[in-house]
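In case you want the letters, here they are:
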Amino acid sequence: AQRVTQPEKLLSVFKGAPVELKCNYSYSGSPELFWYVQYSRQRLQLLLRHISRESIKGFTADLNKGETSFHLKKPFAQEEDSAMYYCALKKSGTSGSRLTFGEGTQLTVNP
Amino acid sequence: NAGVMQNPRHLVRRRGQEARLRCSPMKGHSHVYWYRQLPEEGLKFMVYLQKENIIDESGMPKERFSAEFPKEGPSILRIQQVVRGDSAAYFCASSLQGNTIYFGEGSWLTVV
């Protein structure tokens, strides 16, 4: 069975500092990985997906199949980045888009 | 496109009552997913539906919970005889086949 692990429940950094939110997964096949962001009591928004290799709001994430990781990085954190971040996995080749989420990391960027 | 619409946004129920949560998917989306977010926890998959069919309900509690997505109208998540442990945010999401899923703003259920 697939699993997503986000080892840090809470992460606090200062404005302008680099930030890395860790995500590890276990899945025997070739997964699709995503990062979702949830601002306070709002809907989850798609931030990144690995197949797009894009950068959104300064965030990037690279899929490392050897380490089964998909860490989210930003070189200079901003206060408005404070939110809950979820890493998610979708099994390849499945119909529909059911996602398995990690437990989430609450990022706080201090002024 | 109004996005995924959920209602009510907030619902308070007494123990033993029924809770009904509604979800209208994005226009053209025929796949609906329900997730539950318990306080201080992450999102847990509950059920995946297509029109008139339950595709995967492996995350649904065996008792008191049911979901439907009729041919016409919204998807409904129904919780019978609610207990305090059902208090959570319930998120609906929709997709077009296997593409990106989009989430609604959630329904916060409080059981008193």
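What you see is a predicted model; the values in this text were computed from it and never measured. (Residues numbered from 1 in each chain as written. Chains lettered and ligands numbered in written order. Predicted model: local features only at pLDDT ≥ 70, side-chain atom pairs only at ≥ 80, totals over all residues. Heavy atoms only, no water.)

Enquirer: Honestly, the pairing of strand β5 (residues 43–50) of chain B in this entry has me stumped. Any pointers?
Expert: Two faces make up the sheet, and in a regular strand the side chains alternate between them. Residues and elements named next belong to chain B. The element β5 is extensively covered by neighbouring structure, given that six of its eight residues are classed as buried. Direction of pairing for strand β4 (residues 31–37) relative to β5: antiparallel, over a ladder of seven bridges. Paired with R36 across the two strands is K44, which belongs to β5. Here β5 pairs with strand β6 (residues 53–56) via three bridges, running antiparallel. Paired with Q50 across the bridge in β6 is N53. Counting the residues that bridge the hairpin from β5 to β6 gives two residues, and of these E52 lies at a positive phi of roughly 65°. (Buried < 20%, exposed > 50% of the residue type's maximum accessible area, 1.4 Å probe, protein only. Helix = DSSP H or I, 4+ residues; strand = E, 2+ residues; numbered from the N terminus. Pairing = 2+ DSSP bridges.)

Enquirer: In this structure, what is going on with unusual backbone geometry? I would like to understand it.
Expert: Trans peptide bonds make up most of the peptide bonds, and negative phi angles are found at most residues other than glycine. All names here are of chain B. The amide bond that connects N7 to the next residue, P8, takes the cis arrangement and shows omega of 0°. Assignment of secondary structure puts P8 in the loop between β1 (5–7) and β2 (10–13). Backbone geometry places E52, a non-glycine residue, at a positive phi of 65°. Mapped onto the elements of the fold, E52 is located in the loop between β5 and β6.

Enquirer: Honestly, the sheet that holds strand β3 (residues 19–24) of chain B in this entry has me stumped. Any pointers?
Expert: Across a sheet, strands are paired by hydrogen bonds formed along the backbone, either parallel or antiparallel in direction. Residue and element names in this part refer to chain B. Strand order in the open sheet formed by four strands is β1-β3-β8-β7, with antiparallel pairing between adjacent strands. The sheet is open, and its two edges are formed by β1 and β7 (65–68), each paired on a single side. Neighbour-to-neighbour, the strand axes of the sheet open up by a mean angle of 15°, direction not taken into account. (Axes fitted to C-alpha atoms, helices over the stretch in contact; angles between N-to-C directions.)

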